[in-house]
Structure formats: C-alpha cells, structure tokens
Amino acid sequence: SGTLPLSRWGPITRDTRGVPRVRISRYTGVKAVKKAPPKTEWQVAAEKEFLAMRADFPKDALLPGLTPDDVAGLTPEMRQCLTLRCANAEQVSRWRKHQWIRKFQRRPFDTNSPAVRMAVLTERILRLRAHLLRKPRDGGHQEAKQAHGIALSKRLKAMKTLYKTDFTL
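Residues numbered from 1 in each chain as written. Predicted model: local features only at pLDDT ≥ 70, side-chain atom pairs only at ≥ 80, totals over all residues. Heavy atoms only, no water.

> Honestly, the packing of helix α4 (residues 114–134) against helix α5 (residues 141–165) in this entry has me stumped. Any pointers?
Describing two packed helices takes the angle between their axes plus the distance from one axis to the other. Orientation of α4 relative to α5, taken along the N-to-C sense of each, is 155°, at an axis distance of 9 Å. Classified by the interaxial angle, the pair formed by α4 and α5 is roughly antiparallel. Of the two possible hands of crossing, α4 and α5 adopt the one that is left-handed. Taken together, the residues of the contact of α4 with α5 break down into 14 nonpolar, five polar and six charged. (Axes fitted to C-alpha atoms, helices over the stretch in contact; angles between N-to-C directions. Helix = DSSP H or I, 4+ residues; strand = E, 2+ residues; numbered from the N terminus. Parallel < 35°, antiparallel > 145°, perpendicular 65-115°, else oblique. Left-handed = near helix turned anticlockwise from the far one by under 90°. Nonpolar A, V, L, I, M, F, W, Y, C, P; charged D, E, K, R; others polar.)

As structure tokens, this is what we get:
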C-alpha cells in the first residue's frame, strides 16, 4: 500500500514512529517531515531514574527562608503546611538552589562567585530537563528548550571562569 489517495484535500500524513513522514498538501506539495527515532529501553530507564531522583527530597524540611525559630510558636498543622511536603515545584527548586548556594559559597551572602553561579545554573538545567521529560510536547516546549540551551552556555562560561581562578571544591 505505497500509494496515497489523491482525491483527498488537505495534509495527509503517515504515522509510524521512527520512520520519516511524508506530508502532502495541495499548496506545498510533497514534503519530508523529520521524526525522532524511538527511544531505547536504556533511555526510558534513565529518564525514569532521573525523574525519580528529582522527586526525592526531604519532605519534612522547611520552606526556603524559614528557620525552626520562625515556626516554633505555630501549631503542628501549620508547621506541616510550611514544609516541603506541601510545597509546589518552584518552592522545591528554590530549596534545592538554596542548598547548592550554602554548599558552595565562600563567605556569608556570597551569591555571585563562579562556583555558586555554576551550582545555581545546574539546578536550573536539571529543573528544565525534568520539565522537558515530564511534558514532552506542551505549549512552551520550544521556549523551555531555548532556556535550557541558554542555561547550558551560561554554565559553561561560569565553569571556564571557575577553572581560570582555580577554585578547589
């Protein structure tokens, strides 16, 4: 069945994963459309492992910016609401970023050294990668891919600066 009906108007596509599609339109004619090859079992397993790793964080930790003294006078129910268990993805990412900053800062309030910049950009890259894996074809897919590429290039620049200054981790 290699022929396509010519009497049908509008775009006609053949949908087989991993095979380049041919799109036929009465205005543009025959046009090849690129299609991604199927993912291997290893890729699927690696993506699942990565997403499981991103979902693993201490649920009883307080939201970023809060200390145990801040919530000492609150009821247990209110304290529970101010933990990461009730946090959204943005708050969890902010908590992770705060942990990275605390790990790599050279002095208090150091937020712009190359090591801290690299750590913050790594968290942003991982968050964007998880978003692209969870929602492969949502409305902001191209913007997320572009932001991912920009963050990768910024991190590379920060890494080069870090290696020039010879900062020991």
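This is not the end of the story, as more comes after the structure.
> Explanation requested: the packing of helix α1 (residues 41–55) against α4 in the structure shown.
Axis separation between α1 and α4 bottoms out at 10 Å; the angle between their running directions is 125°. Between α1 and α4, the interaxial angle falls into the category oblique. For the pair α1 and α4, the crossing hand works out as left-handed. Residue-level inspection shows Glu-47, Phe-50, Leu-51 and Arg-54 of α1 in contact with α4, the latter providing Glu-123, Leu-126, Arg-127, Arg-129, Ala-130, Leu-133 and Arg-134. (Contact = heavy atoms within 4.5 Å.)

> Could you clarify how one ought to interpret the side chain of Arg-96 in this entry?
Structurally, Arg-96 is set in helix α3 (residues 89–104). In this structure Arg-96 is buried but unpaired, with Glu-123 as the nearest side chain of opposite charge at 4.6 Å. Polar side-chain contacts of Arg-96 include one of 2.3 Å to the backbone oxygen of Arg-54. Aside from chain neighbours lying at most four places away, what touches Arg-96 is Met-53, Arg-54, Ala-55, Asp-56, Phe-57 and Glu-123. (Buried < 20%, exposed > 50% of the residue type's maximum accessible area, 1.4 Å probe, protein only. Lys, Arg positive; Asp, Glu negative; His and termini not counted. Salt bridge = Lys/Arg side-chain N within 4 Å of Asp/Glu carboxyl O. Polar contact = N/O pair within 3.5 Å; in protein donor to acceptor, adjacent residues only side chain to side chain.)

> Explanation requested: the environment of Arg-85 in the structure shown.
Structurally, Arg-85 can be placed in the loop between α2 (76–81) and α3. The spatial distance from the C-alpha of Arg-85 to the C-alpha of Phe-57 is 9.3 Å, given a sequence separation of 28 residues. Sequence-distant contacts of Arg-85, defined by excluding residues within four places in its chain, comprise Lys-59, Asp-60 and Gln-80. A distance of 2.7 Å separates the side chain of Arg-85 from the side chain of Asp-60, its partner in a polar contact.

Such coordinate-based values are descriptive only and should not be taken to indicate function.
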